[in-house]
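# Chains, contacts and geometry: an overview
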Amino acid sequence: MPVFDLHCDTLTAFMSPLRCRDTLDDPCSAFALSKVQTIPWCQCCAVFVPDGLTPQEALGYYRHHRDSFRRQLLNHACQASACTTAQEVSAAWEQKKTALVLTVENGSLLGAGLEHVEELRRDGVRMVTLTWNGENALGSGHETDHGLTPLGKEAVRTLEEAGIVVDVSHLNDAGFRDVLEAAQKPFAASHSNARAVCAHRRNLEDWQIREMVMRNCIIALNYYSPFLRSDGNEADFDDLYRHICHFLELGAENCLALGSDFDGADLPPCLDDCRKVPVLGEYLMNRGLSRSLVEKIFWQNALEFAQKNWQ
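Residues numbered from 1 in each chain as written. Predicted model: local features only at pLDDT ≥ 70, side-chain atom pairs only at ≥ 80, totals over all residues. Heavy atoms only, no water.

### Quick look at the nonpolar core
What counts here: We call a set of buried Ala, Val, Leu, Ile, Met, Phe, Trp, Tyr and Cys residues a nonpolar core when their side-chain atoms join them within 4.5 Å. Throughout, exposure labels follow a simple rule: accessible area from a 1.4 Å probe, protein chains only, divided by the maximum for the residue type, with under 20% read as buried, over 50% as exposed, and the rest as partly exposed. Helix numbers and strand numbers start at the N terminus; a helix is a DSSP run of H or I with at least 4 residues, a strand a run of E with at least 2.
Core analysis: the biggest nonpolar cluster contains 108 residues, and Phe4, Phe187, Phe262 and Phe298 have the highest contact counts within it. If one sorts the elements of this core by residue count, helix α11 (residues 291-309) sits on top with 9 residues.

### Digging into the pairing of strand β8 (residues 218-221)
The condition is simple: Any two strands with at least two DSSP-identified bridges between them are counted as paired. Look down the strands so they point away from you; if the path from the first strand over the helix to the second goes clockwise, the crossover is right-handed.
Neither face of β8 is left uncovered, since the one carrying Ile218 and Ala220 and the one carrying Ile219 and Leu221 both have all their residues buried. Where strand β7 (residues 188-189) and β8 come together, 2 bridges link them in parallel fashion. Considered in β8, the bridge of Ala189 is made with Ile219. As for the winding sense of the linkage, the β-α-β connection from β7 through helix α7 (residues 206-214) to β8 is right-handed. For β8 and strand β9 (residues 256-258), the ladder comprises 3 bridges, and the chain directions are parallel. The residue of β9 that forms the bridge with Ile219 is Leu256.

### Notes on unusual backbone geometry
Apart from glycine, the bulk of residues carry a negative phi angle, and the bulk of peptide bonds sit in the trans form. Residues other than glycine seldom take positive phi values, yet Lys96 does so here, at roughly 60°. Along the chain, Lys96 falls in the loop between α3 (86-94) and β4 (98-105). Judged by relative accessible area, which is 67%, Lys96 ranks as exposed. With a phi angle near 65°, Asp263 is a residue other than glycine that sits in the positive phi range. Following the sequence through the fold, Asp263 ends up in the loop between β9 and α10 (277-286). Asp263 sits in the buried class, given a relative accessible area of 15%.

Following this line, the structure appears as structure tokens:
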């Protein structure tokens with residue numbers, strides 16, 4: 001079964017000089033190109049920009065890791081292709097290659113000016129998470145309470161005009177409401193779960209899920225235990241199943257996808273390696289979900305969303 005994963009931090013996770021310079025094929029990472037060669041796989045690779053940088057520092061940080069992405073693609077041209085459209089993803093799979101998509105987690109670099117949206121578009125970025133945990137020039141993450149700034153609201157419209165999907169994962173509830181007012185196109189939650197199942201502020205409230213379903217958005221499941229269960233124990237496949245069932249109850253059958261957070265969080269043993277994802281698919285079908293529904297969650301919904309929204 002193909003896999004289309006909307007979020008990992010592998011590109012920027014391992015910057016120690018003692019680790020593999022080619023982060024996208026580090027055998028120590030949760031996601032690695034050599035681990036998925038037998039599976040049709042599309043991986044959205046985020047340039048994760050930490051909080052606390054000035055806009056100019058964030059822009060330089062982004063450019064450094066964008067260049068790393070380009071270098072690694074040259075080094076692994078036989079294994080992977082950079083993709084900016086759904087058609088390119090399908091073409092990569094036909095060539096037995098992994099499809100890699102460049103995204104940005106934390107839009108703080110746009111505080112240096114919205115003219116940099118055009119730079120992101122030229123670089124092939126297909127999705128931008130507006131904030132991380134704290135505040136930036138665009139708005140506030142889930143650890144704070146403010147909504148989008150005027151620049152953040154303008155950024156939503158500018159990103160949409162450039163054909164780049166707005167990502168609301170990490171955004172707080174006030175900021176989410178501001179996105180609802182500003183957005184004219186479907187947006188994404190690239191790695192978020194259901195707050196009714198696990199009461200973490202990073203997760204989505206039911207009203208948010210319903211809005212996203214109504215707007216034909218995409219919601220991708222995060223594998224991080226504290227976003228899957230509230231009791232402090234490690235998550236297992238059943239926790240993913242419970243979140244999926246709740247999303248389905250809210251009508252999200254055509255909006256649900258995968259957003260692992262590989263190499264961005266300490267994931268539970270059942271999903272701490274990309275080679276374990278097919279086992280999740282088998283588990284979900286054994287629990288009674290149809291193969292056609294699991295295929296939607298694993299790749300079809302995300303590919304169709306990309307076909308409609310990656311311009």
